[in-house]
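Chains, contacts and geometry: an overview
Letter by letter, the chains look like this.
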Amino acid sequence: MAEEIKTLADLKDVIETDVPAEEGVLVEPKIDSFGRSYATGKRKNAIARVWIKPGPGKFTVNGRDKETYFARPALRMIINQPFAAAGREGQYDVTCTVKGGGLSGQAGALRHGISRALNLHEPSLRAVLKSGGFLTRDSRIVERKKYGKRKARRSFQFSKR
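Before going into details, it helps to say that this report is about the structure given with it. (Residues numbered from 1 in each chain as written. Predicted model: local features only at pLDDT ≥ 70, side-chain atom pairs only at ≥ 80, totals over all residues. Heavy atoms only, no water.)

Quick look at the overall build of the chain
Where we set the bar: Here a helix means four or more residues in a row that DSSP labels H or I, a strand means two or more in a row labelled E, and each is numbered from the N terminus. Every radius of gyration here is taken over C-alpha atoms, with the globule rule written as 2.2 Å times N^0.38, N being the number of residues. Note on contacts: a residue pair is in contact if any heavy atoms of the two residues lie within 4.5 Å. For the accessible areas, the method is Shrake-Rupley and the probe is 1.4 Å, while residue cover comes only from the protein chains on display. Under this rule, positive means Lys or Arg and negative means Asp or Glu; His and the chain ends count for nothing. For this purpose, a charge sits on NZ of Lys, CZ of Arg, CG of Asp or CD of Glu.
Looking only at helices and strands, one finds 5 helices and 5 strands in the chain. On C-alpha atoms alone, the chain measures out to a radius of gyration of 24 Å, which is more than a quarter above the 15 Å that the 2.2 N^0.38 rule sets for 161 residues. The principal-axis extents of the C-alpha atoms in the chain amount to approximately 80 × 60 × 25 Å. Pairs at least 24 residues apart make up 66% of the contacts formed inside the chain by residues separated by at least 6 positions. Working note: accessible area of the chain is about 11300 Å², and carbon and sulfur atoms make up 54% of it. Taking the average location of the 32 positive side-chain charges in the chain and that of its 17 negative ones, the two points are 25 Å from each other.

Structural notes on the pattern of salt bridges
Going by this rule: Salt bridges are identified by distance alone: a Lys or Arg side-chain nitrogen within 4 Å of an Asp or Glu carboxyl oxygen. Think of it in three bands: with a 1.4 Å probe and only protein chains considered, a residue is buried below 20% of the maximum accessible area for its type, exposed above 50%, and partly exposed in between.
Within this structure, the stated rule accounts for 6 salt bridges. Of the charged contacts, one joins Arg-36 and Asp-32 as a salt bridge, the two residues approaching to 3.2 Å between their closest N and O atoms. For Asp-32, a relative accessible area of 33% translates into the label partly exposed.

Regarding helix H4 (residues 103-121)
For clarity, the threshold we go by: What a helix should span is 1.5 Å times the count of its residues minus one.
Counted at 1.5 Å a residue, the expected span for H4 with its 19 residues is 27 Å, and the 26 Å between its end C-alpha atoms agrees. Of all the 19 residues making up H4, 14 are buried; the element is thus mostly covered by neighbouring parts of the structure.

Regarding the pairing of strand E5 (residues 92-99)
As a reminder, the rule being used: Only strands that DSSP links by at least two bridges are regarded as paired with each other.
Pairing of strand E2 (residues 46-54) with E5, which is carried by 8 bridges, proceeds in the antiparallel orientation. When the sheet's bridge partners are listed, Ile-47 is paired in E5 with Lys-99. Bridge count for strand E3 (residues 59-61) against E5 is 3 bridges, and the pairing is parallel. When the bridges of E5 are listed, Val-61 appears paired with Cys-96.

Section: the sheet that holds strand E1 (residues 37-43)
Note the cut-off: Axis lines are fitted to C-alpha atoms, over the contacting stretch for helices. Their N-to-C directions set the angle, which ranges from 0 to 180 degrees.
Taken together, the 5 strands give an open sheet; going across it, the order is E1-E2-E5-E3-E4, and neighbouring strands pair in mixed fashion. Looking at strand neighbours, the two that pair on one side only are E1 and strand E4 (64-65), the edges of this open sheet. H4 contacts E1, E2, E3 and E5 of the sheet and is inclined by roughly 145° relative to E1.

Side note on the packing of aromatic side chains
Cut-off, in case you're wondering: Note on aromatic pairs: the rings of Phe, Tyr and Trp (six-membered ring only in Trp) are paired at centre separations within 6.5 Å, and the planes decide the class, stacked below 30 degrees, edge-to-face beyond 60, tilted for the rest. Only when the NZ of Lys or the CZ of Arg is both within 6 Å of the ring centre and within 35 degrees of the ring normal is a charge said to sit over the ring.
A complete count under the given rule lists 3 aromatic pairs for this structure. With a centroid separation of 5.0 Å and 75° between ring planes, the pair formed by Tyr-69 and Phe-70 is classed as edge-to-face. With a centroid separation of 6.3 Å and an interplanar angle of 20°, the aromatic rings of Phe-83 and Tyr-92 are classed as stacked. Given the relative accessible area of 5%, Phe-83 is considered buried. Given a relative accessible area of 7%, Tyr-92 falls into the buried group. Taking the ring centre of Phe-59 as reference, the NZ or CZ of Lys-66 above it sits at 4.9 Å.

Examining the nonpolar core
Selection criterion: Definition of nonpolar core: a set of buried residues of the types Ala, Val, Leu, Ile, Met, Phe, Trp, Tyr and Cys, connected through side-chain atoms within 4.5 Å.
Formed by 27 residues in total, the largest nonpolar core has its most connected members in Val-50, Phe-59, Val-61, Phe-70, Leu-110, Ile-114 and Leu-118. Where this core is concerned, the elements lending two or more residues are E2, E3, helix H3 (73-86), E5 and H4. Not counting residues within four places of it along the chain, the set of residues in contact with Leu-118 comprises Ile-52, Pro-82, Phe-83, Tyr-92, Leu-125 and Leu-129.

Everything listed here is a matter of coordinates, which is why it stays silent on function.
What follows is the structure in structure tokens.
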């Protein structure tokens, strides 16, 4: 820089001329050659790999149907939350593989993965999914067991004798 910058006004003039303003940044959808979007979701120790593509709403989890894999209706409701928030129920086929954790953690991981894949397939849904909290990874995990304790914080039963 040849000219001296002595005040904030001078700095503002330099910034306005050097950096072009980005207005209305358009985000391109990330879709592979098969018309699918891929994302990974995590919750506790569960990891879900999710592929979504437009279709009649077929849902496959580890090669099985959603109703047989997640027998409890509460877990199926958790999985469908991103589609309900975006107003896209029955418009996407979902194929996923889930590993680790229990069924509740797997359902949470699947919800996170579906949300991220929806965001990649339709970037205009980001505001709806973000406001619902579906794009945020729930980082809570089990606290480790400490020595001298029965569990993470629970002490052994005290006896005076």
